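Now for the letters of each chain:
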Amino acid sequence: MTNPFSRNKINIDTEMHCHILPTVGCDPEFTNQALDVLRIFQYYGVNTVYATPHVRLTRPSNTYESILERAEVFKKQVAENKIKVKIEVAAEYYFDEGLSDLIDNENLITYPESHVLIELPLRIKPDNLDEIIKKLCTKGYKPIIAHPELHHYLRYDWKMIADLKGQGCLFQINLINMAGYFGDDVVVAAENLLRAKTYDLVGTGAHSREQLRLINEQILQNRDYIALLRNTKFKNKMFSKEKATFSSIFF
Ligand SMILES: [Fe+2]
């Protein structure tokens, strides 16, 4: 099959942020959609996909144990469907009152080398931001700040961004945000952050086939965006499970 997007290579082989992990006993359509999303990633040459369910106090069913259990079930379904993408699991930890205890108990599901995905509050900077980031780092975790383009108090505060980087944080863009899913102000913020070379990592943030279609239409057909993304030295390869064999593409 001809790949219509081959001219739009971003040279990334690992998807690190998406919400496709089915719950046990869920509607089969959800699992079918998750498998289709993996088939789309496989088509684009992605070799490793991390599913990153939300962990937050308002979603008590997403625990360390339940996520790992769901991942095992899903890995079997992926194998049964002969999908070659390697499915891995991490989690997206919301910065709420429960996070401190999870850090204390070292109960976080991470990427390789203890990298952990952190979602900050949307509109108001938490008073204890520095304290929790320091606690994470002291415990040996390497925080990744998810989608700063969404966060009103962060996306234009270059000093805060520099301070977080100085503490060891990495920054990750969600392509679904750049595709306009949450409005033009988010798109402009993402463009500015890309130009400022803020991002270290890229993910889709996708929940569905439809969101991947939107990313295709709005980003992969846009030469300026492709150039901006290619101009960033994303480090996703450090999470790849196929380091030795692939030099592949992301979309
Ligand atoms: Fe997310």
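Residues numbered from 1 in each chain as written. Predicted model: local features only at pLDDT ≥ 70, side-chain atom pairs only at ≥ 80, totals over all residues.

Re the sheet that holds strand E8 (residues 170–174)
At step 1: Within the open sheet, the 6 strands sit side by side as E3-E5-E6-E7-E8-E9. Their pairing is parallel. Edge positions in the sheet fall to strand E3 (54–55) and strand E9 (201–203), since each of these pairs with one other strand and no more.
At step 2: Pairing of E8 with E9 involves 3 bridges; the strand directions are parallel. Bridge pairing in E9 links Ile173 to Val202. (Pairing = 2+ DSSP bridges. Helix = DSSP H or I, 4+ residues; strand = E, 2+ residues; numbered from the N terminus.)

Re the environment of Leu129
At step 1: Within the secondary structure, Leu129 is located in helix H4 (residues 129–138).
At step 2: Classification of Leu129 by C-beta neighbours within 10 Å gives partly exposed; the count is 19.
At step 3: When the C-alpha positions of Leu129 and Ile87 are compared, they lie 31 Å apart, and in sequence the two are 42 residues distant. (Buried ≥ 20, exposed ≤ 12 C-beta atoms within 10 Å, placed from the backbone.)

Section: the confidence of the model for the protein
Residues shown with low pLDDT carry predicted positions that ought not to be read at fine detail.
At step 1: Overall, the prediction assigns the protein a mean pLDDT of 91, with 92% of residues at 70 or greater.
At step 2: In the predicted structure, residues 1–8 sits below a pLDDT of 50 and forms 6 contacts with residues beyond four places in sequence or in another chain. (pLDDT = per-residue confidence, 0-100. Contact = placed C-beta atoms within 7 Å.)

Regarding the nonpolar core
At step 1: Within the largest apolar cluster, 66 residues are counted, with the highest numbers of intra-cluster contacts made by Val49 and Ile118.
At step 2: No other element matches the 5 residues that helix H1 (residues 28–43) contributes to this core.
At step 3: In contact with Ile118, not counting residues within four places along its chain, are Tyr93, Phe95, Pro143, Ile144, Ile145 and Ala146. (Core = buried A, V, L, I, M, F, W, Y, C linked by C-beta atoms within 7 Å.)

Structural notes on the pairing of strand E6 (residues 115–119)
At step 1: Taken across its 5 residues, E6 has 4 buried, putting it largely inside the fold.
At step 2: Note that strand E5 (residues 92–94) and E6 share 3 bridges and pair parallel. Counterpart to Tyr94 in the pairing with E6 is Glu119.
At step 3: One crossover worth recording links E5 to the parallel E6 by way of helix H3 (residues 99–104), and it is right-handed. (Right-handed = clockwise from strand over helix to strand, strands pointing away.)

Here's the deal with the pairing of E8
At step 1: In terms of burial, E8 is a largely internal element, 4 of the 5 residues being buried.
At step 2: Two strands pair when backbone bridges link them, and strand E7 (residues 142–146) and E8 are joined in this way by 3 bridges, in the parallel orientation. Its bridge partner being in E8, Ile144 is matched across the sheet by Leu170.
At step 3: For the crossover that starts at E7, traverses helix H5 (residues 158–166) and ends in the parallel E8, the hand is right-handed.

What about the sheet that holds strand E2 (residues 48–51)?
Two pairing modes exist for strands in a sheet, parallel and antiparallel, and in both the strands are linked by backbone hydrogen bonds.
At step 1: Taken together, the 3 strands give an open sheet; going across it, the order is E1-E2-E4, and neighbouring strands pair in parallel fashion. What marks the edges here is a single partner per strand, and that holds for strand E1 (14–18) and strand E4 (86–89). Sheet twist, expressed as the average angle between the axes of neighbouring strands with direction ignored, equals 25 degrees. (Axes fitted to C-alpha atoms, helices over the stretch in contact; angles between N-to-C directions.)

A closer look at the environment of Phe182
At step 1: With respect to the secondary-structure elements, Phe182 resides in the loop between helix H6 (175–178) and helix H7 (184–195).
At step 2: Taking the C-alpha atoms as reference points, Phe182 and Asp200, 18 residues apart in sequence, are found 21 Å from one another.
At step 3: Leaving out residues up to four positions away in the same chain, Phe182 has contacts with Leu150 and Asn177.

Structural notes on H1
At step 1: Spanning 16 residues, H1 covers 23 Å between terminal C-alpha atoms, matching the ideal 22 Å at 1.5 Å per step.
At step 2: Taken together, the buried positions of H1 are occupied by Ala34, Leu35, Val37, Leu38 and Phe41. Along the axis of H1, the buried residues cluster in a sector spanning 150 degrees; they form a single face. Facing away from the buried side of H1 by more than 90 degrees, the exposed set consists of Pro28 and Glu29.
At step 3: Along its buried surface, H1 packs onto E1, E2, helix H2 (64–80), E4 and helix H8 (209–220).
At step 4: Following H1 by one or two positions, Gly45 adopts a phi angle in the positive range, close to 90 degrees. (Expected span 1.5 Å × (residues − 1). Arc of directions from axis to C-beta.)

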